[in-house]
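Overview (structure and organization)
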Amino acid sequence: MNLEIITVANYDQMSMIAAHMVIRQIEEKPNSVLGLTTGPTPLGMYQILINDFQSNGTSYREAFTVNLDEYVGLDVDHPNSNHVYMRKNFFNHIDIHLQHTHLLNGLASDWSAETTNYEQMIKQLGGLDLQILEIGRNGQIGFNETGSSFTSRAHVTTLTENARQIHAYFFPDSTEVPKKAMTLGMGTILESEEIILLASGSSKAKAMKRLVQGDISEEFPASALRLHHNTTVIADQAALQLL
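The rules behind the values
- Residues numbered from 1 in each chain as written.
- Predicted model: local features only at pLDDT ≥ 70, side-chain atom pairs only at ≥ 80, totals over all residues.
- Heavy atoms only, no water.
- Helix = DSSP H or I, 4+ residues; strand = E, 2+ residues; numbered from the N terminus.
- Rg over C-alpha atoms; globule rule 2.2 N^0.38 Å.
- Buried < 20%, exposed > 50% of the residue type's maximum accessible area, 1.4 Å probe, protein only.
- Contact = heavy atoms within 4.5 Å.
- Areas by Shrake-Rupley, 256 points an atom, 1.4 Å probe, with all protein chains shown as cover.
- Lys, Arg positive; Asp, Glu negative; His and termini not counted.
- Charge placed at Lys NZ, Arg CZ, Asp CG, Glu CD.
- Pairing = 2+ DSSP bridges.
- Axes fitted to C-alpha atoms, helices over the stretch in contact; angles between N-to-C directions.

1. A word on the overall build of the chain
Tallying secondary structure elements over the chain gives seven helices and 10 strands in all. In terms of overall size, the chain behaves like a compact globule, its C-alpha atoms giving a radius of gyration of 17 Å where 243 residues would be expected to give roughly 18 Å. In terms of its C-alpha atoms, the chain occupies a principal-axis envelope of roughly 40 × 40 × 35 Å. Per-residue burial over the chain gives 56% buried out of 243 residues. Partitioning the contacts of the chain with sequence separation of at least 6, the portion at a separation of at least 24 is 80%. Total accessible area computed for the chain in this model is approximately 10700 Å², and 47% of it derives from carbon and sulfur atoms. The average position of the 16 basic charges and that of the 27 acidic charges among the side chains of the chain differ by 5 Å.

2. Overview of the sheet that holds strand β9 (residues 194-199)
Across the sheet, seven strands lie side by side as β1-β10-β9-β6-β2-β3-β5; this open sheet has parallel pairing. The two strands at the open ends of the sheet, each matched to only one other strand, are β1 (4-8) and β5 (101-102). The sheet contacts of helix α7 (residues 205-213) involve β1, β9 and β10 (231-236), and relative to β10 the element is tilted by about 145 degrees.

3. Structural notes on the pairing of strand β6 (residues 130-134)
Of all five residues that make up β6, five are buried, and the element is covered over most of its length. Two elements, strand β2 (residues 33-36) and β6, share two bridges in a ladder whose sense is parallel. Bridged to Gly 35 within β6 is Gln 131. By the bridge criterion, five bridges tie β6 to β9 in an arrangement that is parallel.

The following block contains the structure:
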């Protein structure tokens, strides 16, 4: 198995180690292309990166970012868009040039063109140096749901009802959860030079057991990471309790 697993005691330790890996990447290559994700799991990591910037001056002026996904139908200022999440929780608190930050356009009139152009942008940047991921309870990576091809590129996907129920946590009304989303495909993700997968809490325990001990199958998208040459899993004891 290619996965390197770092077991930590809790969420705070997971966040700290992940942040230190990002800082090391930026120090070694200031113009790194960082693949970023949203949701509750990376919030601690982002806060530590902000604290480090304020205390130690680690600079992101030369860096570029590429976000993993976005809801279809939400504009850049919608409170539940990933655009707002990233500005609120990271970009507005460091010295990155906003024109160096890249996110999919949820209001694109031509979805195929939007995802194709996003892939082209990644190629023009030279590919993803470090991709941060979290794992869904059913092995989702971004919005790559069960059955997603390991060779897929950025695309639009229809969210399952289960996925919409999970994401309803972030919306004031469950009926407001979009039915579609744009996401990088597993094929694009697997071309990253390095991947960090974060997992915290007992709700991720079954997924982590299947990731480590189950079959490599498109029925469980996260299992593709076992085919990658440089993936580090940082998980707390609660997430690894079934191993």
